[in-house]
Amino acid sequence: MKKGVGLFLLLICFGIQVMEVSADVIFEPQDIFYKHHANECEYVNHFLCEYVNHFFIVNGYEGKTELYKSPLSDKVKAVMKNNEEYYISYVYTDIKGNEWGLVEDVEDTEGWVPMVYMFSHYGRDSFLEEYKSQIKKEEGIVAVDSNEKMYYWAYPGSGDPYNVKTEGHPLNYDRVFIDEEGLKWAYVNYYYMGWHSFWICVDDPSNLNLPVREVDDEMPEPPESIDRVYGDVTVFVWFAAGLAAVLVIVTGCLIWGIYGKRGKV
């Protein structure tokens, strides 16, 4: 009986650990170039990466830009037109300082695009980056009435809010921001219905007409071209494969030389 209880408790602990780990799992792409340069790529939204939004809008020269097989390849896999929106997961910086984004949803294929031709609108994460010095760590709970209508916002003063259906469940927050009007905003990292990463105006949560913040959201003029670096990853792959084959042959010859001679003696 005691063994059964112990095993049950062990399974519960294991399950909790699995849930905690799965919340932070980042699925890595199968792209060949990424696999060989993973340590040189930064995950978008990572605190070390200057890009804080995953979705980008094409802003290419003369209305388009190319999606390449890799940052070191001249093979074009697709043509992306201006104002189309794409998901970028990782960013790679070549030796000339050009930043490349890994696009994973163009015509069911993966490829790399110069980030200078991609634009991200101002959003939740842009606000977090711009006002990080004014956002303070503070944990707390917003107690709510099940009949109270509340609104959540992409960021303080974002406009176009959404109604939060709280159903009486409290809102837990971990950061606060005091805006120019002196209003306190709370950042809710996760809510029980699967919503996450939004702001609530703690001082006036039911106000639909809070002041809208002015932000710089204008697309820059893209350059005509960039100074590329060439040298496709396939060269490295074939070199590595050839080196491995040579090692296997040499090792086999050494083994045969040692044990083969012993067999003849």
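Calculation criteria
- Residues numbered from 1 in each chain as written.
- Predicted model: local features only at pLDDT ≥ 70, side-chain atom pairs only at ≥ 80, totals over all residues.
- Heavy atoms only, no water.
- Salt bridge = Lys/Arg side-chain N within 4 Å of Asp/Glu carboxyl O.
- Buried < 20%, exposed > 50% of the residue type's maximum accessible area, 1.4 Å probe, protein only.
- Core = buried A, V, L, I, M, F, W, Y, C linked by side-chain atoms within 4.5 Å.
- Helix = DSSP H or I, 4+ residues; strand = E, 2+ residues; numbered from the N terminus.
- Contact = heavy atoms within 4.5 Å.

Next up on the list: the pattern of salt bridges. Tallied over the full model, the rule gives six salt bridges. The closest approach of N and O atoms between arginine 175 and aspartate 174, which form a salt bridge, is 3.5 Å. Among the residues examined, arginine 175 registers a relative accessible area of 26% and is labelled partly exposed. Under the relative-accessibility criterion, aspartate 174 is labelled partly exposed at 25%.

Below, the discussion takes up the nonpolar core. By size, the foremost hydrophobic cluster in this structure holds 15 residues, and its most contacted members are Phe127, Tyr131, Ile135, Phe177, Trp185, Trp199 and Leu210. Among the secondary structure elements, those contributing two or more residues to this core are helix 3 (124-130), strand 13 (184-190) and strand 14 (196-201). The contact partners of leucine 210, leaving out residues within four places of it in the chain, are Trp153, Leu183, Trp185, Cys201 and Asp204. With 14 residues, the next largest nonpolar core counts Leu67, Tyr86, Val113 and Met118 among its residues.

In this section: the environment of glycine 157. Considering the arrangement of structural elements, one finds glycine 157 in the loop between strand 10 (150-152) and strand 11 (162-164). We classify glycine 157 as buried; its relative accessible area is 6%. As for glycine 157 and aspartate 179, which are separated by 22 residues in sequence, their C-alpha atoms are 8.6 Å apart. Beyond its immediate chain neighbours, meaning those up to four positions away, glycine 157 contacts Trp185, Pro211, Val212 and Arg213.

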